[in-house]
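Overview (structure and organization)
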Amino acid sequence: MSYDMFVRRFEQGDAAPMAGEAFLAVFEPRVDRRERQHSYWHISADDGGTADVYAALAGGTIASLMISHFSAGATLDMLVEYIGLADAVVLPPGCPTLLAHEGQRHHLPDELRADALVVQAGADIEAVLRSC
């Protein structure tokens, strides 16, 4: 899918860094190409799906992540796993914010709270994207 989704972590309404270990645990084993100068990681999932991920890992943290040109299926399952480990949320343009768990809602900026949805699998993200 040629669509960009952004991933951020929030604390009390403000953007906060995400732990780099979470990114490496979920995505690094599936990286088949990397361009460091562009903070680019190409991911290949077990089901044959792929994704372009842009994330600058610096000092053990990541400020934000963008996933683009992603396949449905395992790549989105990986994204859900990542947001759970990193205590992050997905910000798909034109759609509700996607939470890893309900406890994240009170950390979101006010304008993102009301419509936010909890996702537990990649299929949940797919359903949200179809409905927007």
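First, a word on what this report is: a plain description of the structure on this page.

A few words now on the nonpolar core. Residues Leu-65 and Tyr-82 are the most contacted members of the largest nonpolar core, which totals 34 residues. For this core, the secondary structure elements donating two or more residues are strand E1 (5–11), helix H1 (20–26), strand E5 (40–44), strand E6 (50–58), strand E7 (61–68), helix H2 (74–86) and helix H4 (122–131). Looking at this core element by element, the count peaks at 8 residues for H2. For Tyr-82, the contacting residues outside a window of four places in its chain are Val-7, Met-18, Ala-19, Ala-22, Phe-23, Val-26, Phe-27, Ile-62 and Leu-65. The next biggest cluster of nonpolar side chains, apart from the first, holds 6 residues, and it includes Phe-10, Leu-91, Leu-99 and Leu-108.

One non-glycine residue with positive phi stands out, namely Gln-12, at about 50°. The residue Gln-12 is located in the loop between E1 and strand E2 (14–16) in this model. In this structure, His-69 is a non-glycine residue whose phi angle is positive, near 45°. Tracing the backbone through its elements, the reader meets His-69 in the loop between E7 and H2. Relative accessible area serves as the criterion here: at 42%, His-69 is assigned to the partly exposed category.

Criteria and cut-off values
- Residues numbered from 1 in each chain as written.
- Predicted model: local features only at pLDDT ≥ 70, side-chain atom pairs only at ≥ 80, totals over all residues.
- Heavy atoms only, no water.
- Core = buried A, V, L, I, M, F, W, Y, C linked by side-chain atoms within 4.5 Å.
- Buried < 20%, exposed > 50% of the residue type's maximum accessible area, 1.4 Å probe, protein only.
- Helix = DSSP H or I, 4+ residues; strand = E, 2+ residues; numbered from the N terminus.
- Contact = heavy atoms within 4.5 Å.

Nothing here speaks to function; it is all geometry.
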